[in-house]
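Structural description and commentary
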Amino acid sequence: MEKRRLGFWEIWNLSFGFLGIQMGFALQNANASRILQIFGADVHSLSWFWIIPPLMGLIVQPIVGHYSDRTWTRFGRRKPYFLVGALLAAVGLIMMPQAGVFTSLLPALWIGAGFLMIMDASFNIAMEPFRALVADLLPSDQRTLGYSVQTVLIGIGAVIGSWLPYALSNWFGVSSEALPGEVPLHLIFSFIIGAAFLVGAVMVTILTTKEYTNEELLSFELPENRVVEEEKARIWDIFTDFAKMPKTMRQLAWVQFFSWFGLFGMWVFTTPAIAHHIYGLPLSDTSSATYQKAGDWVGIIFGVYNGVSAIIAFFLPFIAKKIGRKTTHAIALVIGGLGLISIYFVSSPNMLIVSMIAVGVAWASILAMPYAILAGSIPARKMGVYMGIFNFFIVLPQIINALIGGPIVKYLYGGNPIFALVTSGVAFLVAAVCVLKVYDVDDKTELANAKN
C-alpha cells in the first residue's frame, strides 16, 4: 500500500498549528532578551538565561518523540501532544512579561526565567510531533512540499509575532513606555494575543487532520522493514536508537550544529548589538525610549527575515528539484551567513532590512531541507523518536553557545555584541560546507552513484 497524496489545503491544515507555535516562538526570540534586561540581566549574562530553551529541547523532544510514536488513541497519535503543549505554552506566554507581579516571592528576573522555561518546554512538546506528522502523512515525493508549506506557515506566524509589539505601539497607540524594571504595556498585550492565537491555530490542525492508524503505517513499509513494536514503551530505547541513527542523520548533525550555533547567537545578541552598534546607546542602557525603539525595530527586522522565509519556501521544492536539496541548502546558508556578517558594516537601521532578507533565505532552508533529507532515511515507526533525537543537534550547539557566548563577548570581543553576529555568520558558512558531504537517500542522482 502507498500513502494517499494530499491536496495543497490538506497539507496546509496539517501544519497550520505551527503558525501559532511560531508566533509565540517569535515573540520569545525577539523580546525575551529585552524583558530579561528590563528585569536586571546584563548583556554578558543574557546567554546564560537563554540556555533554558535548548536545555528544555534536549530533555523534552526525544521523550515526546519516543512516546508519540507509541501513542495510539481515538484522538490521534500526535494530536494530544499538540494540544497539551499549546495550552502550557500559552500560560508561559501570558505570565513571562508579567513576572514583576510575583516579586514578593522571588526577584522578577528569576520568575521571568522560570516562565521562559515553562514556555519553551511547552513549545518543544508541540513542535517535534508537528515535524513527525508531515512525515507520517505524506508520501516521500511530497515531503519537500510538506516541509516547505510548514516553513511558509512558520514564516507567517513569526512575522505576526515579531511585528506585533511595534504594531500595537505605533498603529494602535498602546503605550511602549514604562518605569525602570517594568515591562511596557504593548509587550504584555502582545504576549497575551500570541497565547490566544497559538491555541486557536493548533485547534485548526486537530479538527481538520486525520492521522493514520498503527496498522496503516505498518502496511506502507516494505515487508523487510516491517517490525511490530512491543506494546510497552521503554524510555531507555532512546539511547539505543541514538546509537543506531542512520548515516544521513549523522552527517546532517554537523550541518545542524553550525546552523543553530549561528541562529542562537543572532537571537540572543541582536537587540543589544543593534542598540549599541546602530543606535549608539551604551550597553548599560536598557530602559530609555531609544532602547525600546531599538528593541521594537529588532522585532521588525526579525519579522522581515521570517517573512522572506515564507516567500522563499514556496520556491524551495522547485529549486531543490532542479539542483538537489543539498546544493539548495548550501547556497541558502552562504547567503544567510553573508547577511549576518554584513550587519557589522551597516550604519542605518533601514539597511538592516537588506541583511535580514539574506538571513530569511537561510532560515527558509534550515526549516525545510534538513527535515526533508532526514525523513527519507528513517523508518516510519521511528519517525517521532528520530525527529526528537535529531533535535539534539539543534539544542547542543545552543547550549554550548549559551555557556561560552557571554564570556566570548565580554573577554574576546571587548564587550561589543556586534561581533557575536559576525561569528554567527561564519558558523552559517561552515554549515554550508558540511551539507555538501551529506548523503541524501531520496536523491535520484545519489542513488544512481551508489549503484555504480
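Relevant structure appears above.
Residues numbered from 1 in each chain as written. Predicted model: local features only at pLDDT ≥ 70, side-chain atom pairs only at ≥ 80, totals over all residues. Heavy atoms only, no water.

1. Observations regarding the pattern of salt bridges
Pairing of side chains with opposite charge becomes possible as their charged atoms draw close. Applying the stated criterion across every chain yields a total of six salt bridges. For Asp296, the salt bridge goes to Arg34, with nearest N and O atoms at 3.0 Å. Within this pair, whereas Asp296 is found in helix H12 (residues 289-323), its partner Arg34 is found in helix H2 (residues 16-38), the two being separated by 262 residues in sequence. Note that Asp136 is salt-bridged to Arg77, the shortest N-O span being 3.4 Å. Linking Asp136 in helix H6 (residues 108-137) with Arg77 in the loop between helix H4 (52-68) and helix H5 (79-95), this pair joins segments that are 59 residues apart in sequence. Overall, Arg77 belongs to the buried group, its relative accessible area being 3%. Salt bridges sharing common partners tie together Arg77, Arg78 and Asp136. (Salt bridge = Lys/Arg side-chain N within 4 Å of Asp/Glu carboxyl O. Helix = DSSP H or I, 4+ residues; strand = E, 2+ residues; numbered from the N terminus. Buried < 20%, exposed > 50% of the residue type's maximum accessible area, 1.4 Å probe, protein only.)

2. Observations concerning the packing of H2 against helix H8 (residues 185-208)
At a closest axis distance of 6 Å, the pairing of H2 and H8 adopts a crossing angle of 160 degrees. Taken together, H2 and H8 sit at an angle that is classed as roughly antiparallel. For the crossing formed where H2 meets H8, the hand is left-handed. For the pair H2 and H8, the contacting residues are Phe16, Gly17, Leu19, Gly20, Ile21, Met23, Leu27, Gln28, Asn31, Arg34 and Ile35 in the first and His186, Leu187, Ser190, Phe191, Ile193, Gly194, Phe197, Leu198, Ala201, Val202, Val204 and Thr205 in the second. A per-class count over the contact of H2 with H8 returns 14 nonpolar, eight polar and one charged. (Axes fitted to C-alpha atoms, helices over the stretch in contact; angles between N-to-C directions. Parallel < 35°, antiparallel > 145°, perpendicular 65-115°, else oblique. Left-handed = near helix turned anticlockwise from the far one by under 90°. Contact = heavy atoms within 4.5 Å. Nonpolar A, V, L, I, M, F, W, Y, C, P; charged D, E, K, R; others polar.)

3. A word on the packing of aromatic side chains
One pass over the structure, following the stated rule, counts 19 aromatic pairs. Note on Phe257 and Phe258: the rings are 5.2 Å apart at their centroids and 80 degrees apart in plane angle, and the pair reads as edge-to-face. If you follow Lys247 out to its NZ or CZ, it ends over the ring of Tyr439, 5.7 Å from the centre. (Phe/Tyr/Trp six-rings, centres within 6.5 Å; stacked < 30°, edge-to-face > 60°. Lys NZ or Arg CZ within 6 Å of the ring centre and 35° of its normal.)

4. A short note on the side chain of Ser355
Here Ser355 lies in helix H14 (residues 352-375). Taking relative accessible area as the criterion, Ser355 reaches 3% and is therefore assigned buried. Those residues in contact with Ser355 that sit more than four places away from it in its chain are Gly339, Ser342, Ile343 and Val346.

5. Quick look at the side chain of Gln150
Among the secondary structure elements, Gln150 is positioned in helix H7 (residues 143-170). A relative accessible area of 0% means that Gln150 is categorised as buried. Within polar-contact distance, the side chain of Gln150 engages the side chain of Ser15 at 3.1 Å. Beyond its immediate sequence surroundings of up to four residues, Gln150 is in contact with Ser15, Phe18, Phe130, Arg131 and Val134. (Polar contact = N/O pair within 3.5 Å; in protein donor to acceptor, adjacent residues only side chain to side chain.)

6. Topic: the packing of helix H13 (residues 325-342) against helix H17 (residues 418-435)
Close contact between H13 and H17 brings their axes to 7 Å; oriented N to C, the two are set at 165 degrees. Overall, the two elements H13 and H17 adopt an arrangement that is roughly antiparallel. Like other packed secondary-structure pairs, H13 and H17 cross with a definite hand, here left-handed. Packed against H13, whose contacting residues are Lys326, His329, Ala330, Leu333, Val334, Gly336, Gly337, Leu338, Leu340 and Ile341, the element H17 presents Leu421, Val422, Ser424, Gly425, Val426, Phe428, Leu429, Ala431, Ala432 and Val435 at the interface. By residue class, the composition of the contact of H13 with H17 is 14 nonpolar, five polar and one charged.

The values reported here are purely geometric and, on their own, carry no functional implication.
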